[in-house]
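The chain contents come next:
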Amino acid sequence: MLHPAWIEIDLDRFQKNLKVIRKRIGPTLFCLPVKADAYGHGLAEISKTAEESCVVDYLGVSCLREGVILREAGISLPIVVFGALHEDQIPDLIRHRLEVTISSRFKAELVLKECLRLQTKCPVHVEVDTGMHRTGMRTETARDLLNWMSDQKHLELVGVYSHFATADRRQNPFAFQQIEEFQRLKSYFPDLSAIWHLANSGGVMFYPESHFDMVRPGLLCYGYLPDGSQDPEILPCFSLKAKVSYFKVVGPNQGISYGHLYRTDRKTRIVTVPIGYGDGYHRSLSNRGIVSIRGKTHPIAGAICMDQLMVDVGNAEVFVGDVVTLVSADPQKGPSLEQIAHLANTIPYEMLCSFHGRLMRKYVGSISQKSEKSDMS
Ligand SMILES: *Cc1c(COP(=O)(O)O)cnc(C)c1O
């Protein structure tokens, strides 16, 4: 083991989630968002597993750089780039066969100009703003653009899409409003050959009428529901573990770590774990986080340091080299991601994206050929 703190990804569970979702969406196209290093699960490894599973039709990334990493890893699935288009990146986007998002007539003309120069075609998705107000055209503007595009031979219209602002909860009136607005735009183009897509994880789970031609569930594929509820068929794949690196007994009324934010109330055992905010373990979990060692839950004692943290294990038997579970894919075996995110005052999405730097990624499960590898890029 090169490093005593690591992320463990269960690829069997991940692939099972994909199959469960595929079964539930029927013939609808399935786009897997793998942005932000596949929600911290490893961009290339997760994308390869998805491609081999044969149940995913598309991958979604946020930027050129992520798309290039996938092409260089030999991924051949279609890839759509969700992020706003940057003019200087257009040649590289085209060269790597990445499908771009168009959010204005101006951007469409930039892409067209480049296609004419290179004498090639570029696959594009037109993004419509139905209420998220992040990127995307108002539906009336999108109507005009779609009409204009039908005459542009070099712009190959592949999809039209929008994004939900509030579909992470069931029966949300604004989510229904967004579906309606998207449907209204679609109804103006009964003969247009394009993939219409809107649903994120919330849409897939809670709004079946939002599925259209393709769905884009991210969080759900990684094993979590956006409203924090549980689904017996959807299982987390992500664990965070480390090995105890040090152990000592301290007397009562002793301060632990920087600033002595924690004081022992008795003679107790303090163990040191080689992971800190330098690895993305949030400092806000100081005196709040919990970990599991030998099946028992223990509190984090004092401030989390850059590279280490301390745990008060009381009189429990713990030895150097014992495995500490900081996040567990299996809630029976340690704190869940949801629990840790809640204690850190954030959401599972941000928590998953936080872990980085020195941490290794270990892929487990029968379908992982490589048992240990770090694919941090
Ligand atoms: C991130 C993202 C998704 C996936 O969202 P989840 O809430 O993780 O399902 C879908 N579509 C777009 C455009 C995104 O940026």
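Structure: above.
Since this is a predicted model, take the numbers as computed values, not measurements.

About the thresholds
- Residues numbered from 1 in each chain as written.
- Predicted model: local features only at pLDDT ≥ 70, side-chain atom pairs only at ≥ 80, totals over all residues.
- Heavy atoms only, no water.
- Phe/Tyr/Trp six-rings, centres within 6.5 Å; stacked < 30°, edge-to-face > 60°.
- Helix = DSSP H or I, 4+ residues; strand = E, 2+ residues; numbered from the N terminus.
- Buried < 20%, exposed > 50% of the residue type's maximum accessible area, 1.4 Å probe, protein only.
- Near = heavy atom within 4 Å.
- Polar contact = N/O pair within 3.5 Å; in protein donor to acceptor, adjacent residues only side chain to side chain.
- Areas by Shrake-Rupley, 256 points an atom, 1.4 Å probe, with all protein chains shown as cover.

Colleague: What's the story with the packing of aromatic side chains in this structure? I'm lost.
Modeller: In this description, a pair of aromatic rings is defined by centroid distance and the angle of the planes. A full pass over the atoms with the stated rule returns 9 aromatic pairs. Relative to Tyr222, the ring of Tyr39 has its centre 4.7 Å away and its plane inclined at 25°; by these criteria the two rings are stacked. Of this pair, Tyr39 sits in helix 2 (residues 35-40) while Tyr222 sits in the loop between strand 9 (214-215) and strand 10 (238-243), and the two are 183 residues apart along the sequence. Of the two residues examined, Tyr39 and Tyr222, each falls in the buried class.

Colleague: Please explain helix 3 (residues 43-53) as it appears in this structure.
Modeller: For an α-helix, the turn length of 3.6 residues means that residues three or four places apart are oriented alike. With 8 of 11 residues buried, helix 3 lies mostly within the body of the structure. Turning to helix 3, its buried residues are Leu43, Ala44, Glu45, Ile46, Ser47, Thr49, Ala50 and Ser53. Note on helix 3: the residue one or two positions beyond its end, Cys54, has a positive phi of about 60°.

Colleague: I'm lost on the site of the ligand in this one. Help?
Modeller: Taken together, 13 residues lie around the ligand, and Lys35, Tyr39, Ser201, Arg216 and Tyr349 are the ones closest in. Interatomic distance of 3.5 Å between a side-chain N/O atom of His163 and a nitrogen atom of the ligand. Contacts to the ligand include Gly218, whose backbone N or O atom sits 2.8 Å from an oxygen atom. Considered on its own, the ligand offers 390 Å² of accessible surface; in the complex 92% of this is hidden by protein.

Geometric descriptors of this kind do not, in isolation, establish any biological role.
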